[in-house]
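One-letter residues, chain by chain:
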Amino acid sequence: PTSAQVSVVPQPGRFRYTLDNDVLTMEQRQFYEDNGYLLIKKLVSDEDIERFRKEFVRICKKEAKIPGAMIMKNEALRSQYGQSEEVVNKVQDFQEDKELFRYCTLPEVLKYVECFTGPNIMAMHTMLINKLPDSDKQTFLHPMHQDLHYFPFRPADLIVCSWTAMERADQDNGCLVVQPGTHRSPLKPHDYPKWEGKTNKLFHGLLEEDKSPKVHLVMEKGDTVFFHPLLIHGSGINKTPGFRKSISCHFASSECYYIDVKNTTQEHLEKELVEIVHKRYNTTSVELRDIWSFRARLVQGERINL
């Protein structure tokens, strides 16, 4: 079927989390249904990854400035290295950077995204992560979490993350760790971990550990994993002297809708984010949905709600 014929309404029956089309095999669909993620090997070309890497270096050197982007750095290293690849560990919200935003528009990526969201696709949240070599403080460990904790839009089943390894990712350099099947769990309470030295801004984690088995996703350059926003996942520390880069985007159907997070487990996140935006842009009144509306970009089809 063509894009226009793909229904965004989940079909009753065998598959809840994937839509009917001719991209995924039955085995792939069943794997995502059961596990909440799907790994596609060598999806993004070496040439594209090299272009993203070069743009990241330009951003580190301040040769490229991105309006609205959040450049996260290890402040402890700034005096030693200035702002460089050795210091910048994340570029978040790169939707205004023409070169990096190309990732969100790659046909080979969108072909798979459409299997989860349907034809009207919004890019909601973009990140290029440069996992720096870490110390015993485990500064760049991201605790196990569910991405839906950050999102004030639903339904969850029409949201998917595309995460591409820009070089080999394994247990040594802090690859993704997932807990298969946890996408069928509800959204759980999150907050900052209680351990000393692990309080990166907005790196919230589950308040109660989930005992499900963990799988380390070993990925080669260009491999891409698609996963559900309720899948519990995180990443370990980088024990190597090199960097572990990845580029990602959370996509959602434009038919998703915003929700009010007041009196929910997400309420304290809204307060924290609004405070950050107040300080940064000196705004008078802003809500969580306003922040996300600003980030959102249509990449395919028609913009409906988001």
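Only a predicted model underlies this, so the values are computations on that prediction, with no experimental measurement involved. (Residues numbered from 1 in each chain as written. Predicted model: local features only at pLDDT ≥ 70, side-chain atom pairs only at ≥ 80, totals over all residues. Heavy atoms only, no water.)

Engineer: Summarise the overall build of the protein; cite the residues concerned and give the values.
Structural biologist: A count of helical and extended segments in the protein gives seven helices and 16 strands. Scored against the burial criterion, the 306 residues of the protein give a buried share of 57%. Sequence separation of 24 or more characterises 81% of the internal contacts of the protein that already satisfy a separation of 6 or more. (Helix = DSSP H or I, 4+ residues; strand = E, 2+ residues; numbered from the N terminus. Buried < 20%, exposed > 50% of the residue type's maximum accessible area, 1.4 Å probe, protein only. Contact = heavy atoms within 4.5 Å.)

Engineer: Please give an account of the packing of aromatic side chains that cites residues and values.
Structural biologist: By the definition in use, this model includes nine aromatic pairs. Ring geometry for Phe 31 and Tyr 37: centres 5.3 Å apart, planes at 90 degrees, overall edge-to-face. Ring centres of Phe 52 and Tyr 103 lie 6.1 Å apart, and the angle between their planes is 85 degrees; on these two criteria the pair is classed as edge-to-face. With Phe 52 in helix H2 (residues 46-60) and Tyr 103 in helix H4 (residues 98-105), this pair connects stretches of sequence that are 51 residues apart. You'll find Phe 52 and Tyr 103 in the same group, each marked buried. By way of ring pairs, the aromatic residues Tyr 32, Tyr 112, Phe 116 and Phe 226 are connected into one cluster. (Phe/Tyr/Trp six-rings, centres within 6.5 Å; stacked < 30°, edge-to-face > 60°.)

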